[in-house]
Structure formats: structure tokens, C-alpha cells
Amino acid sequence: MAWVYAELAKEAAKRGGPVALRYFYRSQGIVIGSVLTGGAIAGTVAYDKWSKRRSAVAVEPVGESTTESAAGADAQETRHG
């Protein structure tokens, strides 16, 4: 336990005292927290864009190939008829 206290005392002296040390570590926490929050927001936005793009692709009409084959069948009937 004495070793931990000695390390803390050295760190506090380097930073300008115990109050400065406390504010230094608080600001570190704020920076880390803001980075995590920003990452979460960016992930949510990216997921929303991805899911909208994916749902737009799934809704596209599939009837183009069906329309072409039906038109081809009508054209053959008129030639023979």
C-alpha cells in the first residue's frame, strides 16, 4: 500500500498537487467518455443508413423479367395467329 501512495504522491507532484491530479484524471474520463459517445452515435447513424439502403434494395420491383417474358409470348401468338 505504501508503494501505491508513493506513486500517487509522485504523480500529484508532477501535475501540480492533488487537486490538479484529480482534475487531470477527470478530464481524461471526459475525453474517453466523449469518444465512446461519439463512436456510439456514428455507429447508430451508419446502421440506419445501411438498413435503409438494404430495405430499399429489397423493395425493388421484380416484375421486369416477368413483363419481358409475357410480352415475348404475346408477340409469338400474333405471328402465328
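Just so it is clear, the model here is predicted, and its values are computed rather than measured. (Residues numbered from 1 in each chain as written. Predicted model: local features only at pLDDT ≥ 70, side-chain atom pairs only at ≥ 80, totals over all residues. Heavy atoms only, no water.)

So, about the overall build of the protein chain. Within the protein chain, the regular secondary structure consists of 3 helices and 0 strands. Across the protein chain, helices and strands are ordered from the amino to the carboxyl terminus as α-α-α. Residues counted as buried form 5% of the 81 residues belonging to the protein chain. Surface accessibility of the protein chain: about 7,200 Å² in total, with carbon and sulfur atoms responsible for 64%. (Helix = DSSP H or I, 4+ residues; strand = E, 2+ residues; numbered from the N terminus. Buried < 20%, exposed > 50% of the residue type's maximum accessible area, 1.4 Å probe, protein only. Areas by Shrake-Rupley, 256 points an atom, 1.4 Å probe, with all protein chains shown as cover.)

Turning next to the pattern of salt bridges. Here the structure, examined in full by the defined rule, presents 2 salt bridges. When the shortest N-O distance is used, the salt bridge between E7 and K10 registers 3.7 Å. Of this pair, E7 and K10 are both found in helix α1 (residues 2-15), 3 residues apart, which corresponds to roughly one turn of the helix. For K10, a relative accessible area of 56% gives the class exposed. Residue E11 is joined to K14 by a salt bridge in which the shortest nitrogen-to-oxygen separation is 3.7 Å. Here E11 pairs with K14, and both are found in helix α1, just 3 residues apart, close to one helical turn. (Salt bridge = Lys/Arg side-chain N within 4 Å of Asp/Glu carboxyl O.)

Turning our eyes to something else, we now look at the packing of aromatic side chains. Evaluated as defined, the whole model comprises 1 aromatic pair. Ring geometry for Y47 against W50: centres 5.8 Å apart, planes inclined by 40 degrees, an arrangement best described as tilted. Taken as a pair, Y47 and W50 lie in helix α2 (residues 18-59) at a separation of 3 residues, close to a single helical turn. On the accessibility criterion, W50 (42% relative accessible area) is partly exposed. (Phe/Tyr/Trp six-rings, centres within 6.5 Å; stacked < 30°, edge-to-face > 60°.)

Low-pLDDT portions of the prediction should not be read for the details of their coordinates. Confidence in the prediction for the protein chain averages 75 pLDDT; 70% of positions are at 70 or higher. Ranking the helices and strands of the protein chain by mean pLDDT puts α2 first, with 84, and helix α3 (residues 63-80) last, with 54. (pLDDT = per-residue confidence, 0-100.)

To continue, consider the side chain of E11. A relative accessible area of 17% means that E11 is categorised as buried. If near-sequence neighbours (up to four positions away) are discounted, E11 is found in contact with L21 and Y25. (Contact = heavy atoms within 4.5 Å.)

Moving on to a nonpolar patch on the surface. A surface patch of nonpolar side chains, amounting to about 340 Å² of accessible area, comprises W3, V4 and L8. Relative to the elements of secondary structure, W3 occurs in helix α1. Taking the relative accessible area as the measure of exposure, W3 reaches 62% and is therefore exposed. (Patch = residues over 30% accessible without salt bridge, like charges linked within 9 Å, V, L, I, M, F, W, Y side chains within 5 Å.)

Here we come to α1. Over its 14 residues, α1 runs 20 Å from end to end, which matches the ideal 20 Å to within 8%, given 1.5 Å per residue. Following α1 by one or two positions, G16 has its phi on the positive side, about 110 degrees. (Expected span 1.5 Å × (residues − 1).)

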